[in-house]
Amino acid sequence: MTSKGPEEEHPSVTLFRQYLRIRTVQPKPDYGTNPTLSSILLNSHTDVVPVFKEHWSHDPFEAFKDSEGYIYARGAQDMKCVSIQYLEAVRRLKVEGHRFPRTIHMTFVPDEEVGGHQGMELFVQRPEFHALRAGFALDEGIANPTDAFTVFYSERSPWWVRVTSTGRPGHASRFMEDTAAEKLHKVVSSILAFREKEWQRLQSNPHLKEGAVTSVNLTKLEGGVAYNVVPATMSASFDFRVAPDVDFKAFEEQLQSWCQAAGEGVTLEFAQKWMHPRVTPTDDSNPWWAAFSRVCKDMNLTLEPEIMPAATDNRYIRAVGVPALGFSPMNRTPVLLHDHDERLHEAVFLRGVDIYTRLLPALASVPALPSDS
Ligand SMILES: CSCC[C@H](NC=O)C(=O)O
Ligand SMILES: [Zn+2]
Ligand SMILES: [Zn+2]
């Protein structure tokens, strides 16, 4: 069987031959040009949140592109765009024959949208993760409707709290005292008053961004069996997002004291309680930041550094000591993650590939650091 000329070669065969040319020979496999240096980790999650199909203009899993160039799909912003941008940037750099001192790893992980407990939370504890020797990581950010790009250097900590109130049951025609409902109402009022205070603090200070204050929402109310039976138990569930500068011990004591102040038999339990907030420095003391921000400056990109209001896998990466930024290069894009009609313009997507194509060489060429040895 004769082989075809290179111009006719099947792309899979070309890819196979490129891979064979990389000298990954043990005991010193050539993963990067200087494997003694720590690596760059490009992380993305592969799962997406559910859809309410009836609220979408197009099938959310068809990736319909309209006449203007907007691509509609669940995951268009969060965060399948970024996964492909990483791959395309790395592909471009490989095709152009670039080599860098630091190895670039890409991880595509499951379960971020449900907390990463079966995904990144476990992975960072595995020997396979430590073998990557990550010195710096990139993970997801959020779109920015203006000309600027948001970059996240920390995250709020999710605390999911269920308050359970117990009290006297009885006939609902009577003026019962010490009921579960009235004590639960007191706790709900205390927590919603705190919410209002944080909201006002955010509103009144233009320098504060959403991630810098603590948010809370009442997300579930449970209890009761019949209109005319006063229940012995009722509960309320809250999704707190605690700002990284909060004194966690004092905050937990505050929650406990709101429960105690409501009366006897009011307790709280945590369904989720992240206790390891980390801040990746955004000044030139951090060489990774210096490289990242330098490229953005050279490309005339305006950066808005912020604290991520939600929780991403970056919290696990930072917690094991790897500095990390949350960055999804989407400017001039409405924030539609988890929303109906999530979409991304193809030009923004392609510009993102250009941005990573500039960022990765800079990050993978950061000179040896004390932490590398
Ligand atoms: C707190 S675990 C759930 C993680 C989820 N992450 C993305 O939306 C979030 O609600 O922030
Ligand atoms: Zn995401
Ligand atoms: Zn998400």
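The protein is annotated in an unreviewed UniProt entry as Aminoacylase-1 of Nomascus leucogenys. Within the UniProt record for the protein, the comment given under Function (unreviewed entry) is "Catalyzes the hydrolysis of N-acetylated amino acids to acetate and free amino acids." Under the UniProt heading Subunit (unreviewed entry), the note attached to the protein is "Homodimer. Interacts with SPHK1."

Quick look at the packing of aromatic side chains now. This model, assessed by the stated rule, comprises 15 aromatic pairs. Ring geometry for Trp-159 against Phe-251: centres 5.7 Å apart, planes inclined by 50 degrees, an arrangement best described as tilted. Of the two residues, Trp-159 sits in strand 7 (residues 157-166) while Phe-251 sits in helix 6 (residues 248-262), which places them 92 residues apart along the sequence. Each member of the pair, Trp-159 together with Phe-251, is buried. What links up through ring pairs into an aromatic cluster is the set Trp-159, Phe-194, Phe-238, Phe-240, Phe-248, Phe-251, Trp-258 and Phe-270. Between Lys-273 and the ring centre of Trp-159, over which it is positioned, the NZ or CZ distance is 5.7 Å.

Strand pairing in a sheet is mediated by backbone hydrogen bonds. Such pairs are either parallel or antiparallel. Pairing in this open sheet of 3 strands is antiparallel, and the strands run 2-3-15 from one edge to the other. The open sheet terminates on both sides in strands that have one partner only, identified here as strand 2 (64-65) and strand 15 (343-345). Packing against the sheet, helix 9 (residues 346-363) makes contact with strand 2, strand 3 (70-72) and strand 15, and its axis sits at approximately 70 degrees to strand 15.

Per the UniProt entry, the sites bearing "active site" (unreviewed entry) are Asp-47 and Glu-112 in this numbering. The annotated residues occupy 66 residues of the chain but converge on a single region, no pair of C-alpha atoms lying more than 6.8 Å apart. Relative to the helices and strands, Asp-47 resides in the loop between strand 1 (39-45) and strand 2. As for its position among the elements, Glu-112 is in the loop between strand 4 (104-109) and helix 3 (120-123).

The strand order across the open sheet built from 4 strands is 9-11-7-12, with neighbouring strands paired in antiparallel fashion. Whereas interior strands pair on both sides, the edge strands pair on one side only; in this sheet they are strand 9 (215-223) and strand 12 (266-273). Across this sheet, the average inter-strand angle for adjacent strands is 20 degrees, counted without regard to direction. Sheet analysis places strand 7 next to strand 11 (residues 233-242), joined by 10 bridges and oriented antiparallel. Counted as the bridge partner of Trp-159 is Phe-240 from strand 11.

Take the domain arrangement of the protein next. Taken domain by domain, the protein holds domain 1 (29-154 + 279-372) and domain 2 (157-273). Facing the 9 residues of domain 1 at the interface are 8 residues of domain 2. A combined buried area of about 670 Å² lies between domain 1 and domain 2, and 64% of that area is made up of carbon and sulfur atoms. Three residues, Glu-306, Ile-307 and Pro-309, lead the burial of domain 1 against domain 2; their summed loss comes to 59% of the area buried on that side. For the pair domain 1 and domain 2, the interface holds 0 salt bridges. Put simply, domain 1 and domain 2 have 1 residue pair in polar contact (both at pLDDT 80 or more) between them. Considering only residue class, the side of domain 1 that touches domain 2 consists of 5 nonpolar, 2 polar and 2 charged.

Turning our attention to the packing of helix 7 (residues 287-298) against helix 9. Two elements in contact, helix 7 and helix 9, have axes separated by 9 Å at closest approach and are oriented at 145 degrees. Note that helix 7 runs across helix 9; the crossing there is right-handed. Across the interface between the two elements, Trp-288, Ala-291, Phe-292, Val-295, Cys-296 and Asp-298 from helix 7 touch Arg-358, Leu-359, Ala-362 and Leu-363 from helix 9. Of the residues contributing to the contact of helix 7 with helix 9, the split by class is 8 nonpolar, no polar and 2 charged.

On to the coordination of the zinc ion (ligand 3), then. Within the first shell, the zinc ion (ligand 3) binds the protein through Asp-78 (OD), Glu-113 (OE), Glu-113 (OE) and His-338 (NE2), at distances of 2.0 to 2.4 Å. Because the angles between the 4 donor atoms bound to the zinc ion (ligand 3) fall within 58 to 145 degrees, the donor set is best described as irregular. Read from N- to C-terminus, the donor residues coordinating the zinc ion (ligand 3) fall into the pattern D-x34-E-x224-H.

Using the residue numbers shown here, the UniProt feature "binding site: Zn(2+) 2" (unreviewed entry) corresponds to Asp-78, Glu-113 and His-338. With the annotated positions falling across 261 residues, the maximum pairwise C-alpha distance of 9.8 Å places them together in a single cluster. Those annotated residues that line the second largest cavity are Asp-78. Tracing the backbone shows Glu-113 in the loop between strand 4 and helix 3. When you line up the elements, His-338 lands in the loop between strand 14 (324-326) and strand 15. Not counting residues up to four positions away in its chain, the partners in contact with His-338 are Val-49, Arg-74, Asp-78 and Glu-113.

Taken together, Glu-112, Glu-113, Gly-115, Pro-158, Trp-160, Arg-241, Gln-272, Ala-310, Ala-311, Arg-315 and His-338 make up the full set of residues adjacent to ligand 1. Take Glu-112: an N or O atom from its side chain is 3.3 Å from a nitrogen atom of ligand 1. Measuring from a nitrogen atom of ligand 1, one finds a backbone N or O atom of Ala-311 at 2.8 Å. Look at ligand 1: alone it shows 320 Å² of surface, and the protein chains cover 88% of it.

Calculation notes
- Residues numbered from 1 in each chain as written.
- Chains lettered and ligands numbered in written order.
- Predicted model: local features only at pLDDT ≥ 70, side-chain atom pairs only at ≥ 80, totals over all residues.
- Heavy atoms only, no water.
- UniProt positions renumbered as here; feature names shortened; annotations may be inferred.
- Phe/Tyr/Trp six-rings, centres within 6.5 Å; stacked < 30°, edge-to-face > 60°.
- Helix = DSSP H or I, 4+ residues; strand = E, 2+ residues; numbered from the N terminus.
- Buried < 20%, exposed > 50% of the residue type's maximum accessible area, 1.4 Å probe, protein only.
- Lys NZ or Arg CZ within 6 Å of the ring centre and 35° of its normal.
- Pairing = 2+ DSSP bridges.
- Contact = heavy atoms within 4.5 Å.
- Axes fitted to C-alpha atoms, helices over the stretch in contact; angles between N-to-C directions.
- Domains from an automatic or database assignment.
- Buried area = accessible area lost by both parts, 1.4 Å probe.
- Salt bridge = Lys/Arg side-chain N within 4 Å of Asp/Glu carboxyl O.
- Polar contact = N/O pair within 3.5 Å; in protein donor to acceptor, adjacent residues only side chain to side chain.
- Nonpolar A, V, L, I, M, F, W, Y, C, P; charged D, E, K, R; others polar.
- Left-handed = near helix turned anticlockwise from the far one by under 90°.
- Donors = N, O, S within 2.8 Å, 3.2 Å for Na, K, Ca; no water.
- Tetrahedral: all angles 85-135°; square planar, octahedral: opposite > 155°, others 65-115°.
- 1 Å grid on protein atoms, 1.4 Å probe; cavity = no way out; pocket = protein on both sides within 12 Å on 5 of 7 lines; lining within 4 Å.
- Near = heavy atom within 4 Å.
- Areas by Shrake-Rupley, 256 points an atom, 1.4 Å probe, with all protein chains shown as cover.

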